Every structure is written in C-alpha cells, then in structure tokens.
Amino acid sequence: MSDLLDVDSRPAPESSEDSALAEYVAEVCRRLSAGLLRETGDDLRSVVAAEVRSVQWALEDPAALRDRVPVHPPRLDHRGRVRMFTNPVLSQRNPLAPPLTHVSDGDECEFRVTLPLQYQGPRNMLHGGYVGVLLDDVLWYAVRHASTGISFTRELTVTYERPVPLFEELRIVGRVVEAEGRKTFAEGEIVAGGQVCARATGLWIAPKPRRDGHGSAG
Ligand SMILES: CCCCCCCCCCCCCCCC(=O)SCCNC(=O)CCNC(=O)[C@H](O)C(C)(C)COP(=O)(O)OP(=O)(O)OC[C@H]1O[C@@H](n2cnc3c(N)ncnc32)[C@H](O)[C@@H]1OP(=O)(O)O
C-alpha cells in the first residue's frame, strides 16, 4: 500500500491548463452520469449531444477555460513527476467524486454537498454504502489535520438514523475525539435540514515507523 494512499505519480509534464481541462471534463462526466439516468429517447440524445459538444468546445478553443483555476493545480514529487490526486471523494478530477465544497479544517472538519441522481439507493435517498464512504473521508480528514503523518482506517461503525436525501444540501462533519500513540479515534455525522441522518465512529492507525523513518502500512 502506498504511503500516500491515493496519490500516484505520472511521468509526463502537466500545465495548469491541463489540470483545468481535466477537472472540467470530470464535471461534464458527472452531468452526463446524471443525464443518462434521468433522460430517455430524444431527451437522452440531446443531453449526450450537448455534453459531447461542451468537451469539443473545451478542446478546440484554447481560450474556453482561460478563467478556470484548477482546484488541484499540478504538483511535483521529489523526482519531478506529476503527483496525481485520485481520491474518489475529494479529487475534482475524478468523475466518481461528488461536487464537494470543503468548508472548514481544524478541530472540526466539514464538507458540503448536494448529491445528484447517480448516488441514489432507495428512491430519492443516498445509497447506504456511499453514506459510509463520505463519513470515512470526513473523519479521516479530521484525523489528518490532528496528526502529522498518514493514518489508515482500521475500524468504522456507521449508524443509519434516517435516510440521507439526494438533491438537498448535506453537511458532512468529522472531529477527533481521542489520540493515543499511533491510534486516533474520530466521530462525525451527516446532517440534512438540521437533522442528523447518519453517524459514524472510527479508529485510524498510523503505520509502524520503518527503519528509514517513513511510515509503512505493509
Ligand atoms: C483537498 C486536498 C487533499 C489532499 C489530501 C491528499 C491525500 C488524500 C487521501 C484521502 C484518503 C482518505 C482515506 C480514508 C481512509 C482510508 O480509506 S484508508 C484505506 C482503508 N484502510 C485500510 O486499507 C487499512 C488496512 N489495515 C492496515 O493496513 C493495518 O491494519 C493498519 C491500519 C496499518 C494497522 O496495522 P498495525 O500497525 O499492524 O496495527 P496493530 O499493531 O495491529 O494495531 C495498532 C494498535 O491499535 C490497537 N487496535 C487495533 N485495532 C483496534 C480496535 N479495533 N480498537 C482499539 N484498538 C485497536 C492495537 O491493539 C495496537 O495497540 P498498541 O499495541 O499499539 O497499544
């Protein structure tokens, strides 16, 4: 397992414009995903055609994305290779990741998001596995801010109190409750319309230090 979890490196160079293009195309993919599940017949064809045109426009006109600042600009690792942030919840370049806004860090970490149709489990409700994914990431994020190195989820308990709705803003909150050596315990919740829909508690463990001073999960 990589020390950096979900960050890979790539040999080719990357400009800020490349990153902006990749994030824009990921956004188009998200709209397309919702459209494929929402539309049928001629409406389906119109949605597909419109989104394909918007990608063509971004590729053919170099000025098209000029004003877009990438959320994740290019970063290099110690070997000068591009570090790719692949996280399926937080990377704006990954079409699987929902359009999350990062509201706060620190003692309490908070994300906000309004989830579209592709995250549906029961009608108009968020798929239960995805409830766990969102809570895992926000708790992990709080742990990351409270500690110096990387930690891995060892245990996560999710309590589903009421359905998590789609199509309305969710607050996804995480905080550290206790830290003891390599172990950090955290808790959090997903809130919709002022009501807690799901809670989680969990344990994160930093890998044992390697002889070269870095962490290792293996
Ligand atoms: C916007 C820009 C952002 C940029 C940002 C970039 C990066 C963005 C990355 C995002 C990332 C998100 C990430 C989400 C989090 C994952 O999804 S991580 C992936 C899922 N998790 C895994 O795959 C972990 C798999 N498990 C493991 O690899 C290993 O179990 C671990 C976690 C490394 C721990 O292994 P270990 O060091 O051998 O653990 P072990 O010695 O057995 O236990 C350590 C201690 O914990 C205790 N312990 C173990 N289990 C328990 C328990 N259940 N209760 C109490 N104590 C326990 C043990 O007794 C032991 O205690 P001490 O003896 O030290 O007192």
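Here the structure is a predicted model, which is why all the values come from computation and not from measurement.

Engineer: Describe in detail unusual backbone geometry, supporting the description with residues and values.
Structural biologist: Positive phi outside glycine occurs at Asn124, with the angle close to 65 degrees. For Asn124, the position within the fold is in the loop between β4 (108-114) and α3 (128-146). For Phe167, which is not a glycine, the phi torsion comes out positive at approximately 65 degrees. Summarising the element assignment, Phe167 is placed in the loop between β5 (152-160) and β6 (169-180).

Engineer: Break down the pattern of salt bridges for me, with residues and values.
Structural biologist: Applying the stated criterion across every chain yields a total of 13 salt bridges. A salt bridge links Arg79 to Asp77; the nearest nitrogen and oxygen atoms lie 3.8 Å apart. Residue Asp77 is classed as buried on the basis of its relative accessible area of 16%. Taking the shortest distance from any N to any O, the salt bridge between Arg112 and Glu169 comes out at 3.9 Å. Of this pair, Arg112 sits in strand β4 while Glu169 sits in strand β6, and the two are 57 residues apart along the sequence. Residues joined in a network through salt bridges with shared partners are Glu108, Arg175, Glu187 and Glu189.

Engineer: Run through the UniProt feature "domain: Thioesterase" (unreviewed entry) in the chain, naming residues and quoting values.
Structural biologist: With numbering aligned to this structure, UniProt lists the feature "domain: Thioesterase" (unreviewed entry) at residues 125-195. In residues 125-195, the share of helix is 27% and the share of strand is 45%. The end C-alpha atoms are 15 Å apart.

Engineer: Hey, could you go over the sheet that holds β5 for me, with residue numbers and the actual values?
Structural biologist: An order of β3-β4-β6-β7-β8-β5 is seen for the 6 strands of this open sheet, with the pairing classed as antiparallel. Two strands close off the open sheet at either side, each with one partner strand: β3 (101-104) and β5. The average angle at which neighbouring strand axes cross in this sheet is 20 degrees, direction not considered.

Engineer: Run through the confidence of the model for the chain, naming residues and quoting values.
Structural biologist: On average, the chain scores 91 in pLDDT, and the residues at 70 or more come to 94%. For this predicted complex, the interface score ipTM comes out at 0.87, alongside a pTM of 0.89.

What counts, and at which threshold
Residues numbered from 1 in each chain as written. Predicted model: local features only at pLDDT ≥ 70, side-chain atom pairs only at ≥ 80, totals over all residues. Heavy atoms only, no water. Helix = DSSP H or I, 4+ residues; strand = E, 2+ residues; numbered from the N terminus. Salt bridge = Lys/Arg side-chain N within 4 Å of Asp/Glu carboxyl O. Buried < 20%, exposed > 50% of the residue type's maximum accessible area, 1.4 Å probe, protein only. UniProt positions renumbered as here; feature names shortened; annotations may be inferred. Pairing = 2+ DSSP bridges. Axes fitted to C-alpha atoms, helices over the stretch in contact; angles between N-to-C directions. pLDDT = per-residue confidence, 0-100.

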